[in-house]
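Listed here are the chains, written in short residue letters.
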Amino acid sequence: AEKLGYTKTGYSDFSPTDPQESRNVIEVTSANKTVSVSVIVAARNNGPFLKDALHSAWNQSLLPLEVIYVDDGSTDNSLEIARSFPNVKVISKNWTGVCESRNIGCREAEGDYLLHLDGDDILPFYYIENRWQALTNSTASFCYGAAQAFGGGFNYYW
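No experiment lies behind these values; they were computed from the predicted model shown.

### Digging into the environment of Asn130
Working step 1: With respect to the element layout, Asn130 can be found in helix H4 (residues 127-136).
Working step 2: Sequence separation between Asn130 and Tyr144 is 14 residues, and the spatial gap between their C-alpha atoms is 9.8 Å.

Quick look at the structure:
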């Protein structure tokens, strides 16, 4: 998690030491440009992690068009945390499962591209920019990247 800019206490407003390190290859983008990507966070009872997840969605080298949080009947403080982000669209519903929650988020999304983020996951600073570049400079219909587990004794890539 430290490689992604996190500490044991949460998100650390990570940005690269050298902000030009990735942009030398990608000339068509610039820091904080908004792209037509909707980030959909579907979650239930992820209160301990949700602030970090939502913050990482908005702290990107290329900003998403929107972040939508679909709460799947949480009984913890997840809704309160999500509503503390004025730029996050919050949808609250009864518990029906993560697939239904993601589908609701997709129906509400206005972006041309969708990025699903779980409420207990975080995005590295260049995540959207790197995927945007891969999709817009190819004929690919979708793309994905490696994931790193963190917390609870996990620390591995897959």
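Having seen the model, we can carry on.
### Brief notes about the nonpolar core
Working step 1: Core analysis: the biggest nonpolar cluster contains 25 residues, and Val39, Val41, Leu54, Val67 and Tyr69 have the highest contact counts within it.
Working step 2: Elements that contribute at least two residues to this core include exactly strand E4 (37-43), helix H1 (47-58), strand E5 (62-63), strand E6 (66-72), helix H2 (78-83), strand E8 (113-118) and H4.
Working step 3: For Val67, the residues in contact, after removing those within four places along its chain, are Val39, Val41, Leu54, Ala57, Trp58, Asn87, Val88 and Lys89.
Working step 4: Ile68, Val70, Ile91 and Ile104 belong to the second-largest nonpolar core, a separate cluster that totals six residues.

### Examining the environment of Ser141
Working step 1: Mapped onto the fold, Ser141 is located in the segment after H4.
Working step 2: With a relative accessible area of 71%, Ser141 lands in the exposed category.
Working step 3: For the pair formed by Ser141 and Tyr113, sequence separation is 28 residues and the distance between their alpha carbons is 9.8 Å.

### Some remarks on the pairing of E4
Working step 1: In terms of burial, E4 is a largely internal element, seven of the seven residues being buried.
Working step 2: Here E4 shows no split at all, with Val37, Val39, Val41 and Ala43 on one side and Ser38, Ile40 and Ala42 on the other all buried.
Working step 3: Where E4 and E6 come together, six bridges link them in parallel fashion. Residue pairing across strands places Val39 opposite Val67, the latter belonging to E6.

### Side note on the packing of aromatic side chains
Working step 1: Counting across every chain of the model gives three aromatic pairs.
Working step 2: Taken together, a centroid distance of 5.2 Å and an interplanar angle of 75° make the contact between Tyr113 and Trp132 edge-to-face. Placement of the pair is Tyr113 in strand E8 and Trp132 in helix H4, with a sequence separation of 19 residues.
Working step 3: Of the residues examined, Tyr113 reaches a relative accessible area of 28% and is grouped as partly exposed.
Working step 4: Between Phe125 and Tyr126 the ring centres are 4.9 Å apart and the planes differ by 75°, which places this aromatic pair in the edge-to-face class. For the pair Phe125 and Tyr126, one class covers both residues: buried.
Working step 5: Against the face of Trp95 rests Arg44, its NZ or CZ located 3.9 Å from the ring centre.
Working step 6: Positioned over the ring face of Tyr127 is Arg131, at 3.9 Å from the centre of the ring.

### Describing the confidence of the model for the chain
Working step 1: Of all residues in the chain, 72% attain a pLDDT of 70 or more, and the chain-wide mean is 81.
Working step 2: For the chain, strand E2 (residues 10-11) is the element with the lowest average pLDDT, namely 47, and strand E7 (residues 88-93) is the one with the highest, namely 98.
Working step 3: Low pLDDT (under 50) marks residues 8-30, which in the prediction has 41 contacts with non-local residues, meaning those over four places away or in another chain.

### Section: the sheet that holds E6
Working step 1: Taken in spatial order, the four strands make up an open sheet running E7-E6-E4-E8, and their pairing is parallel. If you trace the sheet from one side to the other, it starts and ends with E7 and E8, each paired once. Direction aside, neighbouring strands of the sheet carry axes that sit 20° apart on average.
Working step 2: Its contacts with the sheet put H1 on E4, E6, E7 and E8, and the angle it makes with E6 is roughly 160°.
Working step 3: Contacts from H4 reach E4 and E8, with the element oriented near 145° to E8.

Conventions and cut-offs
- Residues numbered from 1 in each chain as written.
- Predicted model: local features only at pLDDT ≥ 70, side-chain atom pairs only at ≥ 80, totals over all residues.
- Heavy atoms only, no water.
- Helix = DSSP H or I, 4+ residues; strand = E, 2+ residues; numbered from the N terminus.
- Core = buried A, V, L, I, M, F, W, Y, C linked by side-chain atoms within 4.5 Å.
- Buried < 20%, exposed > 50% of the residue type's maximum accessible area, 1.4 Å probe, protein only.
- Contact = heavy atoms within 4.5 Å.
- Pairing = 2+ DSSP bridges.
- Phe/Tyr/Trp six-rings, centres within 6.5 Å; stacked < 30°, edge-to-face > 60°.
- Lys NZ or Arg CZ within 6 Å of the ring centre and 35° of its normal.
- pLDDT = per-residue confidence, 0-100.
- Axes fitted to C-alpha atoms, helices over the stretch in contact; angles between N-to-C directions.

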